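# Geometric and topological summary
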Amino acid sequence: MIIHCGTSNKGKLREFQLATSKFELRSIDAPPPEEHGATFEETSIDKTLYYARLAKGYVFADDSGLEVDALGGAPGVHSARYAGPHATDEANNALLLEKMRGVKDRSARFVCSIALALDGAIVKTFRGVVEGRIIDAARGARGFGYDPLFFYQPFGCTFGEASDAQKMAVSHRAQALNAMFAFLQGAEDACDSGSSRSSSSHR
């Protein structure tokens, strides 16, 4: 089964591809849409409907980000542009560290929402969450975004230090992707079963 994904983020695309070997993922080459959603789910739906106009069949897009309790849930849906419309990961991380300077409550979580469409209509959304805390200096060169600042206690390291296998076993995006791929596998199995019954009835 071919599934089209909408993202201009190379880090996300890589994680999409790492999450499955059963489905063929094809990225949609198009400029990203403007984001106006108030929640991760709203934004993922808006993105998916935008990209679904450009490809037939199954299309998905995600919206994800970091919620920091001491900052009232910020940067939240503004995670990618926390330091400005065209902010780099480094600029976003620097601003987060500045705002967290001297703050005792370091609890935070990564959240991911994926919306899946079929032929232009939303079919289902999937959500993943992973809890951690913000450290006071970047550690690790792996991953992307806020990974070097996000300490995950069970690993004893940041997502920026964790291996791909470790991160994809627990991350917010992996959780949402795995749920989506399980749903798609069920849909494919049901379709195959229906085709087999139809074929048998005509023998």
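This text goes with the structure placed above it.
Residues numbered from 1 in each chain as written. Predicted model: local features only at pLDDT ≥ 70, side-chain atom pairs only at ≥ 80, totals over all residues. Heavy atoms only, no water.

## Side note on unusual backbone geometry
Most of the time, phi is negative for any residue but glycine, and the peptide bond is trans. Omega for the bond connecting A74 with P75 falls within 30 degrees of zero, at 0°, which places this linkage in the cis form. Along the chain, P75 turns up in the loop between strand 3 (58-68) and helix 3 (89-99). Positive phi outside glycine occurs at D119, with the angle close to 50°. Within the fold, D119 resides in the loop between strand 4 (107-118) and strand 5 (121-134). In this structure D119 comes out as exposed when scored by relative accessible area, which is 57%. (Helix = DSSP H or I, 4+ residues; strand = E, 2+ residues; numbered from the N terminus. Buried < 20%, exposed > 50% of the residue type's maximum accessible area, 1.4 Å probe, protein only.)

## Some words on the side chain of R106
Along the chain, the position of R106 falls in the loop between helix 3 and strand 4. An unpaired buried charge is present at R106: no salt bridge exists, and D136, the closest side chain of opposite charge, is 5.9 Å distant. Engagement of the side chain of R106 in a polar contact is seen with the backbone oxygen of M100, the distance being 2.7 Å. Excluding anything up to four places from it in sequence, R106 contacts M100, G132, R133, I134, I135 and D136. (Lys, Arg positive; Asp, Glu negative; His and termini not counted. Salt bridge = Lys/Arg side-chain N within 4 Å of Asp/Glu carboxyl O. Polar contact = N/O pair within 3.5 Å; in protein donor to acceptor, adjacent residues only side chain to side chain. Contact = heavy atoms within 4.5 Å.)

## Observations concerning helix 2 (residues 40-52)
The terminal C-alpha atoms of helix 2 lie 18 Å apart, and with 13 residues this matches the ideal 18 Å at 1.5 Å per residue to within 8%. Inspection of helix 2 places F40, T43, S44, K47, T48, Y50, Y51 and A52 among the buried residues, and these make up the whole buried set. Structurally, helix 2 contributes buried residues whose contacts are with helix 1 (10-18), strand 3, strand 4 and strand 5. (Expected span 1.5 Å × (residues − 1).)

## Some remarks on the sheet that holds strand 6 (residues 150-152)
Strand order in the open sheet formed by seven strands is 2-1-3-4-5-6-7, with mixed pairing between adjacent strands. Bordering the open sheet on either side are strand 2 (24-27) and strand 7 (157-158), each of which pairs with just one other strand. When strand 3 meets strand 4, the two strands line up antiparallel, connected through 11 bridges. Across the sheet, the residue bridging to L66 is F110, located in strand 4. In the packing of helix 1 onto the sheet, the strands contacted are strand 1 (2-5), strand 2 and strand 3, and the crossing angle to strand 3 comes to about 115°. (Pairing = 2+ DSSP bridges. Axes fitted to C-alpha atoms, helices over the stretch in contact; angles between N-to-C directions.)

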